Amino acid sequence: MSNTFVFNAFSILQNDCSSNPCSPNGKCVIDERDNKYRCQCPGDYSGKHCERVERGEWKKINDQAVCFGARDDSYGAFNIKENGLIDTFKLVHKQGSLRCSPNYPGSYWGCMDKLINNRKKKLTTVITYSNNTALLLAEYNRRVGCHYYAYRINGVHVNSTELVFNNLSTPLRATVGQEFRIWHARDLVDCSEENNSGTNMC
């Protein structure tokens with residue numbers, strides 16, 4: 001009588017969803033027709049990566065343009081005009097740019113301190129409370145040092161006209177007069193800001 005071996009074969013299949021291309025608001029699925037990924041967006045979101053919020057109309061918070069710099073605690077401040085719940089923030093670039101080195105071009109929301117594609121550079125614009133505690137609007141790098149608040153948001157790069165943050169896990173209850181601040185991350189953590197320059201207006 002011969003021995004018979006019964007076995008199951010397994011393999012690990014990598015697909016386009018393995019890199020988590022969708023924003024936290026979307027669900028990645030593989031289209032069986034072409035084996036490519038699609039981001040399924042809930043009703044309030046749109047865009048290739050579900051990065052755009054379509055929930056009603058955006059409400060402008062500030063009456064005047066807000067300017068912030070990249071060194072010496074030059075944050076930009078704005079105050080809430082009415083009570084309500086905030087899901088997220090959107091910053092719209094008006095003029096100006098920030099530099100992390102005199103040898104490289106400026107950018108709106110990050111650091112162009114190396115000559116690489118600006119779509120690969122991490123964002124470094126942070127919104128905080130008045131006590132300088134950052135709102136959790138992105139998945140921040142938590143390494144100690146100058147990259148502590150560096151992050152990426154799908155569909156946004158350092159020279160995008162608009163910076164739409166991820167939604168807060170719980171809507172923020174804001175009150176009239178409450179202050180928020182916009183920072184360049186290196187200025188916020190006082191790290192390697194001596195070569196920084198410029199002013200950004202949004």
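Reading the values: the criteria
Residues numbered from 1 in each chain as written. Predicted model: local features only at pLDDT ≥ 70, side-chain atom pairs only at ≥ 80, totals over all residues. Heavy atoms only, no water. Helix = DSSP H or I, 4+ residues; strand = E, 2+ residues; numbered from the N terminus. Buried < 20%, exposed > 50% of the residue type's maximum accessible area, 1.4 Å probe, protein only. Polar contact = N/O pair within 3.5 Å; in protein donor to acceptor, adjacent residues only side chain to side chain. Contact = heavy atoms within 4.5 Å. Phe/Tyr/Trp six-rings, centres within 6.5 Å; stacked < 30°, edge-to-face > 60°. Core = buried A, V, L, I, M, F, W, Y, C linked by side-chain atoms within 4.5 Å. Salt bridge = Lys/Arg side-chain N within 4 Å of Asp/Glu carboxyl O. Pairing = 2+ DSSP bridges. Axes fitted to C-alpha atoms, helices over the stretch in contact; angles between N-to-C directions.

Looking at an unreviewed UniProt entry, one finds the chain named EGF-like domain-containing protein and attributed to Desmophyllum pertusum.

Visitor: An account of the side chain of Arg181 is needed here, citing residue identities and associated values.
Guide: Relative to the elements of secondary structure, Arg181 occurs in strand β13 (residues 179-184). Looking at Arg181, the relative accessible area reads 13%, which means it is buried. A polar contact of 3.1 Å, which involves the side chain of Arg181, links it to the backbone oxygen of Ser130. At 2.8 Å, the side chain of Arg181 forms a polar contact with the side chain of Asn132. Ignoring any residue separated from it by four or fewer positions in sequence, one finds Arg181 in contact with Tyr75, Gly76, Ala77, Val126, Ile127, Thr128, Tyr129, Ser130 and Asn132.

Visitor: So what about the packing of aromatic side chains? Which residues, and what values?
Guide: The final tally for this structure, using the stated rule, is eight aromatic pairs. Residues Tyr140 and Tyr151 carry aromatic rings whose centres are separated by 5.4 Å and whose planes lie at 80° to one another, so their mutual orientation is edge-to-face. In this pair, Tyr140 sits in the loop between β10 (125-129) and β11 (162-164) while Tyr151 sits in the loop between β10 and β11, placing the two residues eleven residues apart along the sequence. Like Tyr151, Tyr140 is buried.

Visitor: Before we move on, could you go through the nonpolar core and cite the residues and values that matter?
Guide: It is characteristic of soluble globular proteins that their nonpolar side chains tend to be buried jointly. Of all hydrophobic cores here, the largest spans 34 residues; its most connected members are Phe89, Ile127, Leu163 and Phe165. Secondary-structure elements contributing two or more residues to this core are β10, β12 (172-174), β13 and α1 (185-188). With three residues, β13 is the single largest residue contributor to this core. Once residues lying within four places of it in the same chain are set aside, the contact partners of Ile127 are Phe89, Leu91, Thr133, Ala134, Leu135, Leu137, Phe165, Phe180, Arg181 and Ile182. Ranked by size, the runner-up nonpolar core spans six residues in total, among them Cys17, Cys22, Tyr37 and Tyr45.

Visitor: Kindly report on the environment of Val158, identifying the contributing residues and their values.
Guide: Turning to its location among the elements, Val158 is positioned in the loop between β10 and β11. Assessed through its relative accessible area of 0%, Val158 is described here as buried. Once the C-alpha coordinates of Val158 and Gly110 are considered, the two residues, 48 residues apart in sequence, prove to be 5.0 Å apart.

Visitor: Break down the pattern of salt bridges for me, with residues and values.
Guide: All chains considered together, the criterion is met by seven salt bridges. A salt bridge links Arg38 to Asp34, with the nearest nitrogen and oxygen atoms 2.9 Å apart. A salt bridge links Asp72 to Arg71; the shortest N-O distance between them is 3.2 Å. Each of the salt bridges in this network shares a partner with another, and the network as a whole consists of Asp31, Arg33, Asp34 and Arg38.

Visitor: So, the sheet that holds strand β6 (residues 76-79): which residues are in play, and what are the values?
Guide: Spatial strand order, β6-β13-β10: three strands in an open sheet with antiparallel pairing. Strands with a single pairing partner mark the edges of an open sheet, and in this sheet they are β6 and β10. On average, adjacent strands in this sheet sit at an angle of 25° to one another, irrespective of strand direction. Across four bridges, β6 lies against β13 in antiparallel orientation. Each residue of the ladder has a partner; that of Asn79, found in β13, is Glu179.

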